[in-house]
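Overview (structure and organization)
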Amino acid sequence: MKKAEATRLTILEKAFELVYVKGYQTTSIDDIIATTKVTKGAFYYHFKNKDEMGLAIINELLKPTLAGSFIGPLQAGADPLTAIYGLMYNLLMENEFLKVEYGCPAANLTHEMTSWNADFNKALNELTQQWIDTMIDLIERGKANGAVRKDVNARQITMFVLSGYWGIRNFGKLEKSKEVYLPYLNELKNYLEALR
């Protein structure tokens, strides 16, 4: 990796850490510069403004993370309902990247940015839609191979499960404890078993 590429990646990674902890709007370019120890000129060499950097965080850091941690496990699962539960359990209880006290970075940015920034809205919608589409496809495959009842609506199940995930992440932020996730996971398991 060339020095310029390495500097750009460092800026993105450190900026993401700040945004994840403090929020996007309360993280300033000066905060990012102080944390990364790059000059203001170096920051503006790589990004013309903070929003361009924010979009790069979504497209270059969050999208690959989503593909690996959120989508890959669904594509590898033979039994869709077990794969969905396993994914939610992992994301809530075992994933080292996602911190209970800070919630889900994609959900945080969605709450904070999409109502007033069309570019963030588009990038975050693409990110979320990829997860939705993958889960719908998984459930449809399960219906085709008999692992899921034929009468269920794959989109409704997906939206219900993902809404629960985003919501329980917020409860986790409030409580600052993974204990709050356990009732959700228990009820999710019951719900998914009823779809067989």
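Below you will find a few notes about this structure.

Conventions and cut-offs
Residues numbered from 1 in each chain as written. Predicted model: local features only at pLDDT ≥ 70, side-chain atom pairs only at ≥ 80, totals over all residues. Heavy atoms only, no water. Helix = DSSP H or I, 4+ residues; strand = E, 2+ residues; numbered from the N terminus. Contact = heavy atoms within 4.5 Å. Areas by Shrake-Rupley, 256 points an atom, 1.4 Å probe, with all protein chains shown as cover. Lys, Arg positive; Asp, Glu negative; His and termini not counted. Charge placed at Lys NZ, Arg CZ, Asp CG, Glu CD. Buried < 20%, exposed > 50% of the residue type's maximum accessible area, 1.4 Å probe, protein only. Salt bridge = Lys/Arg side-chain N within 4 Å of Asp/Glu carboxyl O.

Details of the overall build of the chain
Along the chain, the regular secondary structure elements total 9 helices and 0 strands. In the chain, the succession of α and β elements from N to C terminus is α-α-α-α-α-α-α-α-α. Along the three orthogonal principal directions, the C-alpha set of the chain runs to about 60 × 35 × 30 Å. Sequence separation of at least 24 residues holds for 71% of the intrachain contacts in the chain that already meet a minimum separation of 6. Carbon and sulfur atoms make up 55% of the accessible area of the chain, which totals about 10100 Å². Counting 23 positive and 23 negative side-chain charges, the chain places the centres of these two groups 3 Å from one another.

Some remarks on the side chain of Arg169
Checked against the element boundaries, Arg169 lands in helix H8 (residues 154-175). Glu101 provides the closest opposite charge to the buried, salt-bridge-free Arg169, at an N-O distance of 8.0 Å. The contact partners of Arg169, leaving out residues within four places of it in the chain, are Leu91, Leu92, Leu98, Lys99, Val100, Gly103, Cys104 and Tyr181.

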